[in-house]
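# An overview of the molecular structure
Here is how the chains run, residue by residue.
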Amino acid sequence: MKAIKVGLLGIGTVGSGTFNVLRRNQDVIRGRAGRGIEIAMVADLNTERAREIVGDAAVVVSDAREVIANPEIDIVVELIGGYGIAKALVLEAIAAGKHVVTANKALLAVHGTEIFAAAHAKGVIVAFEAAVAGGIPIIKALREGLTANRIEWIAGIINGTTNFILSEMRGKGLDFGVVLKEAQRLGYAEADPTFDIEGVDAAHKATIMSAIAFGIPVQFDKAHVEGITKLQAADIKYAEQLGYRIKLLGIARRRSDLPNGGIELRVHPTLIPTQRLIANVEGAMNAVVVQGDAVGTTLYYGKGAGSEPTASAVIADLVDITRLHTADPDHRVPHLAFQPDAMNDTPILAMDDVVTAFYLRLCVADQAGVLSSITTILAENDISIDAVLQRESAEGEKQTDLIILTHDTVEGRMNKALSQMQALPTVLAPIVKLRKEELA
Ligand code: HSE
């Protein structure tokens, strides 16, 4: 059978990795897909660089629409990124009857509903394994491998840049700003790292996973997004003393305790017990824990970015599409795991309704009665304390740090208690609040 023909839109880091891996492993890939997969056309504004990568193996053009218009092309791979031109090109490729592979998490988290509906109407596939956690096959695991399960929660380190920064902050005891500069110098962080450090990239990925896990539409606008820019070295140190690591987690959790149900969708720095495997994921690596009612806890670990790890996911999608190319469209694996008429409208909860445990750091006057005034406020708000740590003050020092770990409570209740504590004259600085998850 003749090779399936692929058009690449964008041949940067991931595109060149895709080209190289497809060529290097063509025999095994053909053996698995049942036919060859050939990159026949590449569109990139930098045609000179594109030609250097592909040589004579593919036609190079500067206009992506030439690829979409070519009737020979069966699959369009979108590696441009962002919501702008990428969205228009993906929708045009779908309208032209092409299957689409994309690594674009921002596009799918924000416009996924429109894109999947267009693909469904046209009977084509939009595949996106590379959009979440790079080389880790987490989409495949959630959508197919765990299909027997009612997913209870997902918690993932799904942004390598921030995990690298947090690992360095912990390892070297440095503050965020210093480590960010070093990460940029080493090329781990982008020149404009806003989406990474503010938690937006992780929230895009968590949004996509929440839809697949719970059969809800992608709703990035409902996600709580908090990055690591305000995290201080002191809190990483105190967390360590109490047996916890701080990681930026993307969390999606189904709440069966609420009468109408609800989904928590949130990204924020989180204390995790040091003995959990995921707490020991260091550097730029990614990891996702998925809790299913039948399978229990499962963990997926690997490189979340990079040329060939991400290419590995792009090519897995190309192989999948090649296999499914001729299958009855109604019996393919649905884009978001659930058949379109089986999706549900369980709401994503407001942060005030989220249940989690907390880490609090209070800078307090070191005098009699301070601890009891604080614990009284917690008790009056029905918040139970898990542990308390007080930094030993130096000779003559009039203030100290008081660290409190709580048991699970509703975030709205904690916020009420926090504003009461903040109003005490003996609380001398803004209280640091971090969330804590046992992940067991
Ligand atoms: N910027 C992302 C990260 C990689 O740091 O993990 C691509 O998703």
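Residues numbered from 1 in each chain as written. Predicted model: local features only at pLDDT ≥ 70, side-chain atom pairs only at ≥ 80, totals over all residues. Heavy atoms only, no water.

As for its position among the elements, Met-421 is in helix α15 (residues 411-422). Between the alpha carbons of Met-421 and Val-290 there is a distance of 36 Å; along the sequence they are 131 residues apart. Apart from residues no more than four positions distant in its own chain, Met-421 is found in contact with Leu-360, Leu-362, Ile-374, Ile-377, Leu-378, Val-427 and Ile-431. (Helix = DSSP H or I, 4+ residues; strand = E, 2+ residues; numbered from the N terminus. Contact = heavy atoms within 4.5 Å.)

Next up on the list: the packing of helix α1 (residues 13-24) against helix α13 (residues 307-324). Relative orientation of the contacting elements α1 and α13 amounts to 65°, with a least axis distance of 8 Å. With respect to α13, the axis of α1 lies roughly perpendicular. Seen from above, α1 lies across α13 with right-handed handedness. Every residue of α13 that contacts α1 at Thr-13, Val-14, Ser-16, Gly-17, Thr-18, Asn-20, Val-21, Leu-22 and Arg-24 is listed here: Ser-307, Glu-308, Thr-310, Ala-311, Val-314, Ile-315 and Leu-318. Considered class by class, the residues forming the contact of α1 with α13 number 7 nonpolar, 7 polar and 2 charged. (Axes fitted to C-alpha atoms, helices over the stretch in contact; angles between N-to-C directions. Parallel < 35°, antiparallel > 145°, perpendicular 65-115°, else oblique. Left-handed = near helix turned anticlockwise from the far one by under 90°. Nonpolar A, V, L, I, M, F, W, Y, C, P; charged D, E, K, R; others polar.)

Our focus in this paragraph is the packing of aromatic side chains. The full count for this structure, using the stated rule, is 1 aromatic pair. Taken together, a centroid distance of 5.5 Å and an interplanar angle of 40° make the contact between Phe-116 and Phe-128 tilted. One end of the pair, Phe-116, is in helix α6 (residues 105-122); the other, Phe-128, is in the loop between β6 (126-127) and α7 (138-145), with 12 residues separating them in the sequence. Taking the relative accessible area as the measure of exposure, Phe-116 reaches 8% and is therefore buried. For Phe-128, a relative accessible area of 0% gives the class buried. (Phe/Tyr/Trp six-rings, centres within 6.5 Å; stacked < 30°, edge-to-face > 60°. Buried < 20%, exposed > 50% of the residue type's maximum accessible area, 1.4 Å probe, protein only.)

In this section: the domain arrangement of the protein. Annotation of the protein at the domain level lists domain 1 (4-136 + 307-342), domain 2 (139-303) and domain 3 (354-436). Across the boundary between the two partners, domain 1 contributes 24 residues, which contact 28 residues of domain 2. Per-residue buried area on domain 1 facing domain 2 is highest for Ala-109, Val-132 and Ile-136; these three make up 26% of the total on that side. Asp-201 is paired through a salt bridge with Lys-105; the nearest N and O atoms lie 3.4 Å apart. In this assembly, domain 1 and domain 2 are joined by 7 residue pairs in polar contact (both at pLDDT 80 or more). (Domains from an automatic or database assignment. Buried area = accessible area lost by both parts, 1.4 Å probe. Salt bridge = Lys/Arg side-chain N within 4 Å of Asp/Glu carboxyl O. Polar contact = N/O pair within 3.5 Å; in protein donor to acceptor, adjacent residues only side chain to side chain.)

What follows deals with the environment of Thr-297. Mapped onto the secondary structure, Thr-297 falls in strand β12 (residues 296-303). For the pair Thr-297 and Ile-154, spaced 143 residues apart in the sequence, the C-alpha separation amounts to 9.6 Å. What Thr-297 contacts, discounting residues up to four positions off in sequence, is Val-289, Val-290 and Gln-291. At 2.6 Å, the side chain of Thr-297 forms a polar contact with the side chain of Gln-291.

To continue, consider the sheet that holds strand β2 (residues 37-43). Pairing is parallel in the open sheet, where 6 strands are placed in the order β3-β2-β1-β4-β5-β6. Lying at the two open borders of the sheet, with one neighbouring strand each, are β3 (59-61) and β6. One ladder, built from 3 bridges, connects β2 with β3; its direction is parallel. By the bridge assignment for β3, Val-42 is matched with Val-60. Sheet contacts for helix α3 (residues 47-54): β2 and β3; angle to β3, the most-contacted strand, approximately 165°. Where α13 meets the sheet, it contacts β1 (4-9), β2, β4 (75-78), β5 (99-102) and β6, and its direction lies at approximately 165° from that of β5. (Pairing = 2+ DSSP bridges.)

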